[in-house]
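Take a look at the letters that make up each chain.
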Amino acid sequence: MINKRNNNKKTFGIIIVASIVLGLGIYLYNNYFKHVEIDSRIDKKSIHYVTDLYYSDGRYYEEYLDEGQKKMYLDVLNDLKDVNSKTVIDCRDYGYSSKGVCGGYTDLIIDIVLMEHPDLFWYRSSDYSYRDDSEVTIRHHYVSTNKIQLYFVEKRLLIKIDELTKKFEDKSEFEKVKAVYTWLGETTTYSTLMTRKSGTAWSALLSDDSVCAGFAAASQLLFQRLGIESQVVVGGYDGVGHAWNFVEIDNEYYWYDSTVAGSASKDSGYFYTGLCLTNNSKYSPAVIDMKKYQFGTKYIGG
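Just so it is clear, the structure is predicted and the values come from calculations on it, not from any experiment.

Asker: How should the nonpolar core be read in this particular structure?
Answerer: A general trend in soluble globular proteins is that nonpolar side chains are found buried together. Judged by nonpolar contacts, the single largest core of 85 residues is most densely connected at Y73, W122, L205, F246, W255, Y256 and I288. The residues touching Y256, leaving out its near neighbours within four places in the chain, are V177, V180, Y181, L184, S219, F223, W244, N245, V247, G274 and L275.

Asker: Can you walk me through helix α7 (residues 173-187) in this structure?
Answerer: Between the first and last C-alpha of α7 there are 22 Å, a value that for 15 residues agrees with the 21 Å anticipated at 1.5 Å per step. Looking at α7, one finds that the buried residues are F174, K176, V177, A179, V180, Y181, T182, W183, L184 and G185. Summarising the contacts, the buried residues of α7 are in contact with α6 (147-168), α8 (201-206), α9 (212-226), β7 (240-249), β8 (252-256) and α10 (259-262).

Asker: Sorry if this is basic, but what is going on with the pattern of salt bridges here?
Answerer: Side chains that differ in charge, positive against negative, can pair when their charged atoms come close. Counting across every chain of the model gives 14 salt bridges. Note that K71 and D75 form a salt bridge whose closest N and O atoms lie 3.7 Å from each other. In this pair, K71 and D75 both sit in helix α3 (residues 67-81), four residues apart, roughly one turn of the helix. Between E186 and K266 there is a salt bridge; the shortest N-O distance is 2.9 Å. Placement of the pair is E186 in helix α7 and K266 in the loop between α10 and β9 (283-285), with a sequence separation of 80 residues. Among the residues examined, E186 registers a relative accessible area of 48% and is labelled partly exposed.

Asker: What should I look at first to understand the state of the cysteines in this one?
Answerer: What makes a disulfide is a covalent bond joining the sulfur atoms belonging to two cysteines. Taken as a whole and judged by the stated rule, the model has one disulfide. The disulfide bridge from C91 ends at C102, spanning 1.8 Å between sulfur atoms. Taken together, the positions of C91 in the loop between β1 (86-90) and α4 (99-103) and C102 in helix α4 put the pair 11 residues apart, joining distant regions of the chain. C102 shares its class with C91; the two are buried.

Asker: Mind showing me how you'd approach the sheet that holds strand β3 (residues 135-142) here?
Answerer: Strand-to-strand pairing in sheets goes through backbone hydrogen bonds, with the strands running parallel or antiparallel. What the three strands build is an open sheet, ordered β1-β3-β2; its pairing is antiparallel. Unpaired on one side and paired on the other, β1 and β2 (123-130) mark the two borders of the sheet. Sheet twist, expressed as the mean angle between neighbouring strand axes with direction ignored, is 20 degrees. Strand direction decides the pairing type here: β1 and β3, joined by five bridges, are antiparallel. Bridged to I89 within β3 is V136.

Asker: Could you clarify how one ought to interpret the pairing of β8 in this entry?
Answerer: In regular strands, side chains alternate between the two faces of the sheet. β8 sits mainly inside the fold: four of its five residues count as buried. For β7 and β8, the ladder comprises five bridges, and the chain directions are antiparallel. Across the sheet, the residue bridging to N245 is Y256, located in β8. Between β7 and β8, which follow one another and run antiparallel, lie two residues, and D250 among them has a positive phi close to 55 degrees.

Asker: I'm lost on the packing of aromatic side chains in this one. Help?
Answerer: Think of a pair of aromatic rings as described by two things: how far the centres are apart, and how the planes are tilted against each other in angle. In the structure shown here, the tally under the stated rule is 22 aromatic pairs. Ring geometry for Y254 and Y299: centres 6.0 Å apart, planes at 70 degrees, overall edge-to-face. Linking Y254 in strand β8 with Y299 in the segment after β9, this pair joins segments that are 45 residues apart in sequence. Classification of Y299 as buried rests on a relative accessible area of 14%. Sitting above the plane of the Y61 ring, K70 keeps its charged end 5.4 Å from the centroid. Between K178 and the ring centre of Y272, over which it is positioned, the NZ or CZ distance is 5.0 Å.

Parameters and conventions
Residues numbered from 1 in each chain as written. Predicted model: local features only at pLDDT ≥ 70, side-chain atom pairs only at ≥ 80, totals over all residues. Heavy atoms only, no water. Core = buried A, V, L, I, M, F, W, Y, C linked by side-chain atoms within 4.5 Å. Buried < 20%, exposed > 50% of the residue type's maximum accessible area, 1.4 Å probe, protein only. Contact = heavy atoms within 4.5 Å. Helix = DSSP H or I, 4+ residues; strand = E, 2+ residues; numbered from the N terminus. Expected span 1.5 Å × (residues − 1). Salt bridge = Lys/Arg side-chain N within 4 Å of Asp/Glu carboxyl O. Disulfide = S-S within 2.5 Å. Pairing = 2+ DSSP bridges. Axes fitted to C-alpha atoms, helices over the stretch in contact; angles between N-to-C directions. Phe/Tyr/Trp six-rings, centres within 6.5 Å; stacked < 30°, edge-to-face > 60°. Lys NZ or Arg CZ within 6 Å of the ring centre and 35° of its normal.

In structure tokens form, the structure reads like this:
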């Protein structure tokens, strides 16, 4: 009788352990190891490659930077990819005569990095200082510098983006844009605390709060996978630093600001007011010349 009870306990213990192992295996597979097809355009040998999350064609690198600025941009981008703490610029190496000249380009370089690479989910911001007549040091601030952690976060992001893409992919262009906007507004709250993580796609897709840069980056990653022509825009809103997107729907463009959705209840009349906007004068892009884009009116107000 005692042996039977002991055997029953052992059997029960084995079942419990097996259930835990099975549950853990399912969790790890669903969150980290599930196979995901990446964008066929991604070329790991490209100077613009950063992660498997996003294909950057370098459009703003080509359009808005001169040769010296392009060299600075690539040096900064490579240091960000390698999670290096700083980029040291000797302005003479870039064809500029003084630190004031090339140092003044730093903000432009960083803005274009953020526009070209919403997949830099571990990068938050940079600042710079002068050391002598020609040298500028750009210091980079990260969510994390642990490359093992970042590897697994990228896997989680790939799976989450794939999951949402399959959920939204059979919709029309406008309905895809609205679905991304709605999902972000319902799952992610606009954060009142500015942390390094809150300005990244990491926060908007895998956490429950973010700030404008995170909303814009997450939207861009999803739009590309859904085949929506779009772009992150950095600049200002009514004089305050801001990040948002523009999207192309039926061959016309709209401002798209999912931060609005994260700031309001879905039941409020305010929730969808950031979904599709015309070229509102309160939005002031820091880099992009939007005059060449034809803004639409069909989808204003969602």
